[in-house]
Amino acid sequence: MGNVREWWHGLIVYQVYPMSFQDSNGDGIGDIRGVINRLDYIQNLGVNMIWLNPIFKSPKVDNGYDISDFLEIDPIFGTMAEVEELILEAHKRGIKVIFDFVMNHTSEQHPWFQEALKGKDNPYRDYYIWADGKNGGQDLPNNWESFFTGTVWEKEPSGDQYYFHLFAKEMPDLNWANPEVRRAMVDIAFFWLDKGVDGFRLDAFIHLQKEEGFPDVEGLDEGEIGLAENYYANLPKINEYMKFFTSTLRERYPDTFIVGEAASATVELARSYTDPVLGGCDTVITFRYFTMDEKSKDPRLSSNMQKTKLLYGAFKKNLQEWQKVMADVGGPTLYWNNHDMARVVSRIGDDSKHRDNSAKMLATLMYLQKGIPFILNGEELGMKNLYLNDIKDFKSPEAQTFYKNALALGYSEESVLYNLRESSKDASRGAMQWDQSAFAGFSTVPPWSGVNVEADYNVAAEEANPGSILHFYRKVLDLKKTDLFVEGDYHLWGTHDDFFVYERVMDKQVGLVICNVTDQPKEFVLHPLEHHGYRQILLQNEGNWLEGETLHLAPYGVAVFQTVYNS
Ligand code: GLC
């Protein structure tokens, strides 16, 4: 395919977490009408695609990722007519819409599963994954651990077998080895494509195949369980399943955009998932960019809920590797945030002393690289982690498990809550901050999620302030839309880990991004560049200045230079 520019290389995606975006009917939960009402805001931000987290019928054990009817809109979000209107209105504004597509599991309340529970002869039995217990059924079928902790196996209520669930026990995994399941999922996708959606974010697709025979993970003690990535992640048939899915959809809708959530995929796997002949995803989201400092963590507890630092040296190497391998497919996805991770300005930036500068620097650092930006709603305001006071207020099953386990190990309630506030997914799911009113303009009643109300960090205040993070995001995205920052080659400079410096180069044009990733002022000598005339600053945050060849960068300072090679 080489360096062909595909239509989707210029996408800029805005992730709308519908429950937390805008409530229009005063029930404290965001809804579709709320998103429609805010489309002008989204358009003005300069994005050209929205990704909506699941809006389908669901008992909400996992905030909508447990779907009981793939073809119905959950009444808390509104109606099918409103969804159709949303798609239409978004398209009128030049914004494409993609839906979350949960293909690995259903809710236990899905009629397929309810049928499957009726017994081994039921035609839907084989839609799910079943195993007999060991030792005449007394013990679990094996020692695999679920992502939401505990075993992956749950005994059926009447009957002797166990069903498999990689996530919560209320979320049984579909059996993709069954061609009927593969077909059924394609039909669901067509239903939405017929309604005008432009593509899908494929939830957890790397887990569709499970190792046959369910072999035990080795090296565990009797009765112990452990994560079994080798047996339920990135197995060889994934590409076959994906290829069937993506190519069947594209026979009818050639421009269907597919972004796969490939949490643990290495860059080589990502390359194969995005190979048009192999997997057929346009791009994938990996979790592998963010190498965190694990030294201070307690290995007995879930790693991603313990506050720690980003290791910039490793992070730079990771991004460089992804940039290199994904260069000819439009670059990797570029993101800091999603609904599963704490807010970037708190997690990686500095949400107290250097909030504005760190948010602006991080946006520039990430999004001017080659690839497709994915921005979580509220990130463009510098929204920080949601402050939750009590463990009861944390909604995610993982936060609850972490709390229990950490207390059992003797941690104080205060320290556990600190880690959850800083690192849990709940921290990113707070209500969108539209203004300074009681519930931040999100609703007229207390939001389901909790909300931070802040005088300076909300849409109304930031619209009125030309120096705000919101205005800065618009400028970054304006730059991002230029050919140089879509198509230009990427070169990371070898610098000290205090800096993150890279160039984008196209023909004779060069864009140079210089970031100070520390909370101290830093000097960066432009000396070797002088003959290229790096003098025009396209964009910068506050407190930087040039003195001869020395660029003085404020804490978390960033400057983007442009030049044209003469020779
Ligand atoms: C994905 C989603 C996450 C969800 C899980 C199970 O990782 O991003 O929120 O819990 O899949 O569907």
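All of these numbers come straight from a predicted model, not from anything done at the bench.

Rules used in this analysis
Residues numbered from 1 in each chain as written. Predicted model: local features only at pLDDT ≥ 70, side-chain atom pairs only at ≥ 80, totals over all residues. Heavy atoms only, no water. Helix = DSSP H or I, 4+ residues; strand = E, 2+ residues; numbered from the N terminus. Buried < 20%, exposed > 50% of the residue type's maximum accessible area, 1.4 Å probe, protein only. Salt bridge = Lys/Arg side-chain N within 4 Å of Asp/Glu carboxyl O. Contact = heavy atoms within 4.5 Å. Near = heavy atom within 4 Å. Polar contact = N/O pair within 3.5 Å; in protein donor to acceptor, adjacent residues only side chain to side chain. Areas by Shrake-Rupley, 256 points an atom, 1.4 Å probe, with all protein chains shown as cover. Nonpolar A, V, L, I, M, F, W, Y, C, P; charged D, E, K, R; others polar. Pairing = 2+ DSSP bridges. Axes fitted to C-alpha atoms, helices over the stretch in contact; angles between N-to-C directions. Parallel < 35°, antiparallel > 145°, perpendicular 65-115°, else oblique. Left-handed = near helix turned anticlockwise from the far one by under 90°. Phe/Tyr/Trp six-rings, centres within 6.5 Å; stacked < 30°, edge-to-face > 60°.

> So what about the environment of Ala438? Which residues, and what values?
Position of Ala438 relative to the elements: it lies in the loop between α14 (413-423) and α15 (459-464). The exposed category is assigned to Ala438, whose relative accessible area is 59%. Between the C-alpha atom of Ala438 and that of Trp51, which follows or precedes it by 387 residues, the distance is 28 Å.

> Please give an account of the pattern of salt bridges that cites residues and values.
One side chain can pair with another of opposite charge once the charged atoms of both are near each other. A complete count under the given rule lists 37 salt bridges for this structure. Note that Arg252 and Asp194 form a salt bridge whose closest N and O atoms lie 3.5 Å from each other. One end of the pair, Arg252, is in helix α8 (residues 238-252); the other, Asp194, is in helix α6 (residues 179-194), with 58 residues separating them in the sequence. According to the relative accessible area criterion, Asp194 is partly exposed, its value standing at 47%. For Glu261, the salt bridge identified is with Arg201, shortest N-O distance 3.3 Å. Taken together, the residues span a long stretch of sequence, with Glu261 in strand β10 (residues 257-261) and Arg201 in strand β9 (residues 199-203) at a distance of 60 residues. It is possible to trace a salt-bridge network through shared partners that takes in Asp40, Glu89, Lys92 and Arg93.

> Give a description of the environment of Ser20 that names residues and reports values.
Looking at the element boundaries, Ser20 is found in the loop between β1 (13-16) and α1 (32-37). By relative accessible area, Ser20 is classed as buried at 1%. Leave out the neighbours within four places in its chain, and Ser20 touches Arg429, Gly430, Ala431, Met432, Phe442, Trp448 and Ser449.

> Residues and numbers for the site of the ligand, please.
Neighbouring residues of the ligand: 13 residues in total, closest Asp62, Asp203, Glu261, His339 and Asp340. Between the ligand and Arg201, the relevant distance is 3.0 Å, taken from an oxygen atom to a side-chain nitrogen or oxygen of the residue. With respect to the ligand, the side chain of Glu261 contributes an N or O atom lying 2.8 Å from an oxygen atom. Within the complex, 95% of the 300 Å² of free accessible area of the ligand lies under protein. Residues belonging to the shell around the ligand are distributed by class as follows: four nonpolar, two polar and seven charged.

> Describe the sheet that holds strand β14 (residues 489-492), listing the residues and the values that go with them.
What the five strands build is an open sheet, ordered β14-β15-β16-β21-β18; its pairing is antiparallel. Edge strands, defined here as strands with exactly one partner in the open sheet, are β14 and β18 (536-540). Along the sheet, successive strands turn relative to each other by an average axial angle of 20°, direction set aside. Sheet strands in contact with helix α16 (residues 469-480) are β15 (499-506), β18 and β21 (558-564), and its direction is about 130° off that of β18.

> Summarise the sheet that holds strand β19 (residues 545-547); cite the residues concerned and give the values.
As summarised here, the arrangement of the three strands in space is β17-β20-β19, forming an open sheet in which the pairing is antiparallel. Looking along the sheet, the strands with just one partner apiece sit at the ends: β17 (522-525) and β19. Recorded for the sheet is a direction-independent mean angle of 25° between the axes of neighbouring strands. Where β17 meets strand β20 (residues 550-553), four bridges bridge the pair, whose relative direction is antiparallel. Within β20, the residue paired with Glu523 across the bridge is His552.

> Quick one: what's the story with unusual backbone geometry, residue by residue and with numbers?
Positive phi is not limited to glycine here, since Ala204 has a value of about 55°. Its location among the elements puts Ala204 in the loop between β9 and α7 (229-232). Relative accessible area serves as the criterion here: at 3%, Ala204 is assigned to the buried category. Although it is not a glycine, Asn234 sits at a positive phi angle of roughly 55°. Structurally, the position occupied by Asn234 is in the loop between α7 and α8. For Asn234, a relative accessible area of 17% translates into the label buried.

> I'd like a rundown of the packing of helix α12 (residues 355-367) against α16, residues and numbers included.
Taken N-terminus to C-terminus, the directions of α12 and α16 make an angle of 15°; their axes are 10 Å apart at the nearest point. Viewed along their axes, α12 and α16 adopt a mutual orientation that is roughly parallel. Between α12 and α16 the crossing geometry is right-handed. Here Arg355, Asp356, Ala359, Lys360, Ala363, Thr364 and Tyr367 of α12 come into contact with α16, specifically with Ile469, Phe472, Tyr473, Val476 and Lys480. Classifying every residue of the contact of α12 with α16 by side-chain character gives seven nonpolar, one polar and four charged.

> So what about the packing of aromatic side chains? Which residues, and what values?
Applying the stated rule across the entire model yields 46 aromatic pairs. Considering the side-chain rings of Trp144 and Tyr231, the 5.6 Å spacing of their centres and the 20° angle between planes classify their relative orientation as stacked. Of this pair, Trp144 sits in the loop between α5 (134-137) and β7 (153-155) while Tyr231 sits in helix α7, and the two are 87 residues apart along the sequence. Among the aromatic residues, those joined into a cluster by ring pairs are Tyr289, Phe290, Tyr312, Phe315, Trp322, Tyr335, Trp336, Tyr490, Phe500 and Tyr502.

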